[in-house]
Amino acid sequence: MKKLTCSILTPDRYLFEGEIQFAVVQAYNGEMGFLVDHAPLISELGIGEIRLRDQKTTEYFIVEGGVVEIRGNKLIILAERAAKKSELDKKDLEEKLKTLLDQKQREIKAFSSEWVKLQDEERRLKARIKVASR
Amino acid sequence: MEMVSTAKMKKMQGRLEMTKPYETKVNEILSNLVNTGVAISDDPHFREVPDARRVLILQIAGNRGLCGSFNTNVIENTLALGNKLREEDREALYYVVGKKGTSFFRFMQIPMYKSMLNPEDKLTFEDAARIGTELRNLFISGEVHEVYISYTKVKSSSTQKPAMLKLLPILLEEEEIKDLYPGAQLEYYFEPDPRRIFSYIIPLYLKVRIYTCFLESSFSEQFARRVAMKNATDASTEMIRDLTISYNRARQAKITKEISEIVGGAAALK
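Residues numbered from 1 in each chain as written. Chains lettered and ligands numbered in written order. Predicted model: local features only at pLDDT ≥ 70, side-chain atom pairs only at ≥ 80, totals over all residues.

Student: In this structure, what is going on with the overall build of chain B? I would like to understand it.
Tutor: Across its full length, chain B carries six helices and six strands. Its helices and strands taken in sequence order, chain B reads α-β-α-β-α-β-α-β-β-α-β-α from the N to the C terminus. By the compact-globule yardstick of 18 Å for 270 residues, chain B is too spread out, its C-alpha radius of gyration being 28 Å. Dimensions of chain B along its principal axes, counting C-alpha atoms only, are 115 × 40 × 30 Å. (Helix = DSSP H or I, 4+ residues; strand = E, 2+ residues; numbered from the N terminus. Rg over C-alpha atoms; globule rule 2.2 N^0.38 Å.)

In structure tokens:
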């Protein structure tokens, strides 16, 4: 059976390389799935999870921005930041989210640059927690 | 110190190897994009200023010495370009990274646009990203018209050479791209539209470029230091050998002299 060759790269390291059957990535405004013999495509990535299915196992990753390219059954995910599920600590992340929300509550000035930054951080943390609790 | 440098060098090499595929992929995607015929001429990053007066040179040197001619080579290369620009009546601004570079410029009383320490092995992608954004803003706002990077290029793991790289405006060697992708007319789907991906990938490209320049420089520095330290060790081993021989010779001569004196004295008593 034909498979996709998938690699996940970040500027610092090679996160994943291997053959898979099915991949789901978080594109800029929704998830996008790839099967074998997908047409050539380039897309921007959002903040969210990546699922790589191979037979019965599924691997989870978190990406925060980047691009994905598929061509000739080669899937390349260039992430700005990414991590494996096993590298995430759910408890730690939840605590971080809590302190962040507290801080956000106190800094009431909505839509200020500080607030936007916190909002962004919140999104990142939530996405990480989602992956960590898989 | 040779050992320390060797260890650091190995680490840098590892990081460089991790980054290389990323850089190649970014280049690949960028050239694929260009080949699909997205109008790049109206992108500000490719715009050549006809009368480029102000040129920024980012110089990446080391923080420390004892690494042979590593720092001097980079500085020389930078100044060569700076002088050339001055002859053409253009202004060169220096953005100096590394303590050695900074102190040289200060000593020569050459004004610097900005200076900072080399983050060395603490370098993260975020650092490079910050510099990338800074340079990009300067270029886009028209404050500087061209940006160069003066760094040390790693040609292979044993040869490094100071090099000059034109960062902005971005130049893509089209022939090279066509050689690599004979079937360049490949149809891609873009999600969202090519333009947006383009405007996303260009800053990324710049950041990756700067990041690899930093890594290559650090690697070269450690390599140069290793070689310098190896030479120093070899030279001192040689010196120690010579000195030991001459010391032993002197000692032997003294002993011989004393013995002959004693023998001579004893013979005189008889």
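Student: Would you mind going over the interface of chain A and chain B with me for this structure?
Tutor: Reports of interface size often rely on the accessible area that becomes lost once the parts have come together. Taken residue by residue, the interface counts 17 residues in chain A and 21 residues in chain B. Of all the elements in the fold, those that place two or more residues in the side of chain A that touches chain B are strand 5 (41-54), strand 6 (57-71) and strand 7 (74-79) of chain A. Split by residue class, the side of chain A that touches chain B holds 12 nonpolar, one polar and four charged. In the sheet, strand 5 of chain A pairs with strand 6 (residues 189-191) of chain B via three bridges, with the strands oriented parallel. Paired with Ile42 of chain A across the two strands is Phe190 of chain B, which belongs to strand 6 of chain B. (Contact = placed C-beta atoms within 7 Å. Nonpolar A, V, L, I, M, F, W, Y, C, P; charged D, E, K, R; others polar. Pairing = 2+ DSSP bridges.)

Student: I keep staring at the environment of Arg53 of chain A and nothing clicks. Help me out?
Tutor: As for its position among the elements, Arg53 of chain A is in strand 5. Each C-alpha atom of the pair Arg53 of chain A and Val131 of chain A lies 15 Å from the other, and the pair is 78 residues apart in sequence.

Student: Even after reading the chapter, I still don't get the packing of helix 1 (residues 90-106) of chain A against helix 2 (residues 113-132) of chain A, so can you show me in this structure?
Tutor: The relative placement of two packed helices is expressed as an angle between their axes plus a distance between the axes. Residues and elements named next belong to chain A. The N-to-C vectors of helix 1 and helix 2 enclose an angle of 155°; their axes lie 10 Å apart at closest approach. The angle between helix 1 and helix 2 places the two elements in the roughly antiparallel class. Our pair here, helix 1 against helix 2, has a crossing hand that is left-handed. Residue-level contacts link Lys90, Leu93, Glu94, Lys96, Leu97, Leu100, Gln103 and Lys104 of helix 1 to Leu118, Glu121, Glu122, Leu125, Lys126, Arg128, Ile129 and Ala132 of helix 2. Looking at the contact of helix 1 with helix 2, its residues break down into seven nonpolar, one polar and eight charged. (Axes fitted to C-alpha atoms, helices over the stretch in contact; angles between N-to-C directions. Parallel < 35°, antiparallel > 145°, perpendicular 65-115°, else oblique. Left-handed = near helix turned anticlockwise from the far one by under 90°.)

Student: Help me understand the environment of Ser217 of chain B in this model?
Tutor: All names here are of chain B. Summarising the element assignment, Ser217 is placed in helix 6 (residues 194-269). In this structure the C-alpha to C-alpha distance between Ser217 and Thr78, which are 139 residues apart in sequence, comes to 14 Å. Beyond its immediate chain neighbours, meaning those up to four positions away, Ser217 contacts Ile60, Tyr151 and Thr152.

Student: Looking at this model, I keep getting lost on the sheet that holds strand 2 (residues 91-97) of chain B. Mind explaining?
Tutor: Within a beta sheet, neighbouring strands are joined by backbone hydrogen bonds and run either parallel or antiparallel to one another. Residues and elements named next belong to chain B. Taken together, the five strands give an open sheet; going across it, the order is 3-2-1-4-5, and neighbouring strands pair in mixed fashion. Unpaired on one side and paired on the other, strand 3 (114-116) and strand 5 (159-168) mark the two borders of the sheet. Within the sheet, the average angular offset between the axes of one strand and its neighbour, ignoring direction, is 25°. Here seven bridges tie strand 1 (residues 54-60) to strand 2, and the two strands are oriented parallel to one another.

Student: Sorry, what's going on with the domain arrangement of chain A here?
Tutor: Residue and element names in this part refer to chain A. Here chain A is described as being made up of domain 1 (4-85) and domain 2 (89-132). Domain 1 puts seven residues into the contact, and the matching count from domain 2 is seven residues. Residue composition of the side of domain 1 that touches domain 2, grouped by class: three nonpolar, one polar and three charged. (Domains from an automatic or database assignment.)

Student: Please clarify how the nonpolar core should be interpreted in this entry.
Tutor: Generally speaking, nonpolar side chains in soluble globular proteins are found buried as a group. Core analysis: the largest hydrophobic core is formed by 80 residues, its most contacted members being Ile77 of chain A together with Leu58, Ile60, Val147 and Ile201 of chain B. By residue number, the principal contributor to this core is helix 6 of chain B, which donates 14 residues. Each of domain 1 (4-85) and domain 2 (89-132) of chain A accounts for three or more of the residues forming this core. Setting aside anything within four residues of it in sequence, one finds Leu58 of chain B in contact with Tyr95, Val97, Leu135, Val147, Tyr148, Ile149 and Ser150 of chain B. (Core = buried A, V, L, I, M, F, W, Y, C linked by C-beta atoms within 7 Å. Buried ≥ 20, exposed ≤ 12 C-beta atoms within 10 Å, placed from the backbone.)

Student: It is not clear to me how helix 2 (residues 70-87) of chain B should be interpreted in this structure. Could you clarify?
Tutor: One full turn of an α-helix is made of 3.6 residues, so residues set three or four places apart face in the same direction. All names here are of chain B. If you check helix 2, its first and last C-alpha atoms are 26 Å apart, about what 18 residues at 1.5 Å a residue would give, namely 26 Å. In the core, the buried residues of helix 2 are packed alongside strand 1, strand 2, helix 3 (99-107), strand 4 (146-156), strand 5 and helix 6. Asp89, located one to two residues past helix 2, shows a positive phi value of around 65°. (Expected span 1.5 Å × (residues − 1).)

Student: Which parts of the structure should I look at to understand the pairing of strand 7 of chain A?
Tutor: Strand residues, when the strand is regular, have side chains that alternate between the two faces of the sheet. All names here are of chain A. For strand 7, a buried count of five out of six residues is recorded, marking the element as mostly surrounded by other parts of the structure. Inspection of the sheet shows strand 1 (residues 4-9) paired to strand 7 by five bridges, in the parallel sense. Residue Thr5 lies in a different strand from strand 7, and its bridge partner there is Lys74. Strand direction decides the pairing type here: strand 6 and strand 7, joined by six bridges, are antiparallel. Bridge pairing links Val67 to Leu78 in strand 7. The turn joining strand 6 and strand 7, which pair antiparallel and follow one another in sequence, is formed by two residues; a positive phi near 55° is taken by Gly72.

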